[in-house]
Amino acid sequence: MVQRNKNFAKLQAGYLFPEINRRKNEFMANNPQADIISLGIGNTTEPLQPSVVKALKDAADSMATVEGYTGYGDEQGMTALREKIAEKMYSGGLVDADEVFVSDGAKCDTGRLQMLFGEDVTIAVQDPSYPVYVDSSVIMGQTGEYNKHNDQFDNIVYMKCTAENGFFPTLEKADIIYFCSPNNPTGAVATKEQLTQLVNFAKQNGSIIIFDAAYAEFISDPDLPKSIYEIEGAKEVAIEVCSFSKPFGYTGVRLGWTIVPKALKFDDGSSVHGDWNRIMTTIFNGASNIIQTATINVLNDQGMAEMRELVDYYMENARIIKSALDEYGFTTYGGKNAPYIWVKIESMDSWQAFSYILDNAHIVTTPGAGFGPAGEGYVRFSAFGHRDNVIEATKRMAKLKI
Ligand code: MLT
């Protein structure tokens with residue numbers, strides 16, 4: 001018999017979002033008449049924009065011809081797409097096209113990045129944080145056991161992000177520092193000064209930052225940085241993971257990218273870019289060519305304007321949710337430059353609040369504790385719903401007593 005990978009036994013429950021789905025399905029089985037509104041997982045709901053649909057159809061038509069058909073492509077992504085990402089998603093030559101690695105999404109790259117560092121590194125995460133950082137680290141074998149008394153894994157540094165510290169943590173030493181801004185789940189966005197502090201800290205301590213910028217396009221405040229590379233010196237210390245999922249509605253289409261700067265080196269002077277290239281060429285065969293071709297043709301003025309419309313739609317949802325919850329007396333955070341609203345719950349713990357809201361308002365949220373111990377006492381509302389559902393959800397929330 002084959003021995004089970006011992007790291008799986010360390011994981012606590014199923015992955016957060018399938019677990020929420022399981023609880024939702026259980027509720028629906030017991031309450032078949034209930035009209036559930038899902039504001040849990042950040043899953044897009046609005047249709048693809050016209051430019052995207054046309055470009056996808058054209059790309060598929062092209063594949064139906066001998067001249068237009070393509071099979072395997074470059075594992076790093078189509079050159080034209082890498083160039084377009086560097087030009088359109090980063091202003092002023094912040095990244096070079098050959099530093100862009102196109103992928104099937106930020107979550108997948110976050111998992112693959114574990115392979116780049118192996119099991120011997122220490123990691124630090126913002127607490128609360130997107131659960132993929134911690135769970136993939138456990139699976140890779142970077143952590144010790146889970147401690148029930150503090151809900152933390154040994155050998156992971158949890159950097160608390162609380163209302164008291166403005167959701168920017170006291171930075172702590174680790175080889176790899178995960179940092180997400182705009183933050184999932186708190187909706188906080190780090191300022192230029194804060195990111196400068198982070199970059200300088202990484203430099204002083206020889207750390208590498210994995211900067212998750214999946215929600216960058218939701219920033220409307222021109223003073224807030226969208227990319228870590230807006231900070232001087234960041235290319236020597238940071239990898240940036242990003243995604244078309246949320247701003248372009250590609251959650252099911254699947255396309256993302258990771259920037260690995262050529263200036264980033266390991267302690268022996270070897271190139272991180274080179275090793276990432278080795279991983280991608282070895283275990284990844286490139287994102288779908290239809291999606292890549294289409295996206296090359298979407299990254300123009302018209303396509304970017306349509307993307308902005310979609311982002312504005314979801315951010316109007318965020319405004320509606322936040323202002324309603326504020327009016328009902330909740331303390332809320334985020335929702336201004338991020339599509340998540342982080343809501344303080346005083347009267348019960350976050351899984352109880354999740355159940356209470358599901359039972360009494362038939363709304364699915366995400367319990368804060370699912371993002372780490374410092375998420376306890378909060379629930380997260382996603383702004384990625386249809387407008388009618390969002391408005392209906394705010395009406396139902398008015399009647400709750402929590
Ligand atoms: C979330 O809801 O936290 C994320 O959007 C899910 C994901 O992107 O994997």
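Residues numbered from 1 in each chain as written. Predicted model: local features only at pLDDT ≥ 70, side-chain atom pairs only at ≥ 80, totals over all residues. Heavy atoms only, no water.

1. Quick word on the overall build of the protein chain
Reasoning step 1: Looking only at helices and strands, the protein chain features twelve helices and 15 strands.
Reasoning step 2: By principal-axis analysis of the C-alpha atoms, the protein chain measures approximately 60 × 55 × 50 Å.
Reasoning step 3: Counting across all 402 residues of the protein chain, residues that qualify as buried make up 54%.
Reasoning step 4: In the protein chain, the proportion of contacts linking residues at least 24 apart, taken out of those at least 6 apart, comes to 73%.
Reasoning step 5: Roughly 17,400 Å² of accessible area belongs to the protein chain as shown, and the carbon and sulfur atoms make up 49% of that amount.
Reasoning step 6: Counting 36 positive and 51 negative side-chain charges, the protein chain places the averaged centre of each group 4 Å from the other. (Helix = DSSP H or I, 4+ residues; strand = E, 2+ residues; numbered from the N terminus. Buried < 20%, exposed > 50% of the residue type's maximum accessible area, 1.4 Å probe, protein only. Contact = heavy atoms within 4.5 Å. Areas by Shrake-Rupley, 256 points an atom, 1.4 Å probe, with all protein chains shown as cover. Lys, Arg positive; Asp, Glu negative; His and termini not counted. Charge placed at Lys NZ, Arg CZ, Asp CG, Glu CD.)

2. With respect to the state of the cysteines
Reasoning step 1: One pass over the full model with this rule turns up zero disulfides.
Reasoning step 2: Cysteine Cys161 is unpaired, with the sulfur of Cys180 as its nearest cysteine sulfur at 10 Å.
Reasoning step 3: Cysteine Cys180 shares no disulfide, and the gap to the nearest cysteine sulfur, in Cys242, comes to 10 Å. (Disulfide = S-S within 2.5 Å.)

3. Observations concerning the site of the ligand
Reasoning step 1: Looking at the ligand, the residues that line it are Phe17, Ile41, Gly42, Lys107, Tyr130, Asn184, Tyr215, Lys246, Tyr340 and Arg380.
Reasoning step 2: A distance of 2.6 Å separates an oxygen atom of the ligand from a polar side-chain atom of Tyr130.
Reasoning step 3: Arg380 places a polar side-chain atom, nitrogen or oxygen, 2.8 Å from an oxygen atom of the ligand.
Reasoning step 4: Computed on the free molecule, the ligand has an accessible area of 270 Å², of which 87% lies beneath the protein chains in the complex.
Reasoning step 5: The pocket occupied by the ligand, as judged from atoms lying within 2 Å of grid points, is the second largest pocket.
Reasoning step 6: Per-class residue counts for the shell around the ligand are five nonpolar, two polar and three charged. (Near = heavy atom within 4 Å. Polar contact = N/O pair within 3.5 Å; in protein donor to acceptor, adjacent residues only side chain to side chain. 1 Å grid on protein atoms, 1.4 Å probe; cavity = no way out; pocket = protein on both sides within 12 Å on 5 of 7 lines; lining within 4 Å. Sits in = over half its atoms within 2 Å of the grid points. Nonpolar A, V, L, I, M, F, W, Y, C, P; charged D, E, K, R; others polar.)

4. Observations regarding the domain arrangement of the protein chain
Reasoning step 1: If you check the domain split of the protein chain, you get domain 1 (8-47 + 302-397) and domain 2 (52-299).
Reasoning step 2: Relative to domain 2, the C-alpha centre of domain 1 lies at a distance of 24 Å.
Reasoning step 3: If you look at the interface, domain 1 gives 35 residues, while domain 2 gives 49 residues.
Reasoning step 4: Taken over both partners, the interface formed by domain 1 and domain 2 buries close to 3,300 Å², and the fraction arising from carbon and sulfur atoms is 64%.
Reasoning step 5: For the domain 1 face of the interface with domain 2, the top three residues by lost area are Lys10, Tyr15 and Asn337, together amounting to 22%. (Domains from an automatic or database assignment. Buried area = accessible area lost by both parts, 1.4 Å probe.)

5. Quick notes on the nonpolar core
Reasoning step 1: Within the largest apolar cluster, 81 residues are counted, with the highest numbers of intra-cluster contacts made by Ile85, Tyr90, Ile209, Ile228, Phe248, Trp257 and Phe381.
Reasoning step 2: The element that contributes the greatest number of residues to this core is helix H10 (residues 301-327), accounting for ten residues.
Reasoning step 3: Summarising the domain contributions, this core has at least three residues from each of domain 1 (8-47 + 302-397) and domain 2 (52-299).
Reasoning step 4: With near-sequence residues (within four places) excluded, Tyr90 lies in contact with Ile85, Val95, Ser227, Tyr229, Glu240, Cys242, Trp257 and Ile259. (Core = buried A, V, L, I, M, F, W, Y, C linked by side-chain atoms within 4.5 Å.)

6. Details of the pairing of strand S12 (residues 340-344)
Successive residues of a regular strand alternate their side chains across the two faces of the sheet.
Reasoning step 1: With respect to burial, S12 is a largely interior element, four of its five residues being buried.
Reasoning step 2: With three bridges joining them, strand S11 (residues 332-334) and S12 adopt antiparallel strand pairing. Counted as the bridge partner of Gly334 is Ile341 from S12.
Reasoning step 3: What sits between S11 and S12 in their antiparallel hairpin is a turn of five residues, with Gly335 showing a positive phi close to 75°. (Pairing = 2+ DSSP bridges.)

7. A word on the environment of Pro339
Reasoning step 1: Within the secondary structure, Pro339 is located in the loop between S11 and S12.
Reasoning step 2: With a relative accessible area of 0%, Pro339 lands in the buried category.
Reasoning step 3: For the pair formed by Pro339 and Gly187, sequence separation is 152 residues and the distance between their alpha carbons is 6.9 Å.
Reasoning step 4: If we skip the residues at most four places from it in the chain, Pro339 touches Tyr215, Phe218, Met315, Phe381, Ser382, Ala383 and Phe384.

8. A few points about the environment of Ser62
Reasoning step 1: Mapped onto the elements of the fold, Ser62 is located in helix H2 (residues 50-63).
Reasoning step 2: Distance from Ser62 to Asn30, taken between C-alpha atoms, is 48 Å for residues 32 residues apart in sequence.
Reasoning step 3: Ignoring any residue separated from it by four or fewer positions in sequence, one finds Ser62 in contact with Gly68 and Tyr69.

9. A word on helix H6 (residues 192-205)
Reasoning step 1: With 14 residues, H6 extends 20 Å from end C-alpha to end C-alpha; this agrees with the ideal 20 Å at 1.5 Å per step.
Reasoning step 2: Buried residues of H6: Leu195, Leu198, Val199, Phe201 and Ala202, and no others. Angularly, the buried residues of H6 cover 160° about the axis, an arc narrow enough to put them on a single face. Residues of H6 that are exposed and point over 90 degrees away from its buried face: Glu193 and Gln204.
Reasoning step 3: Those residues of H6 that are buried lie in contact with strand S7 (176-180) and strand S8 (208-212).
Reasoning step 4: Gly206 sits one or two positions beyond H6 and adopts a positive phi of about 65°. (Expected span 1.5 Å × (residues − 1). Arc of directions from axis to C-beta.)

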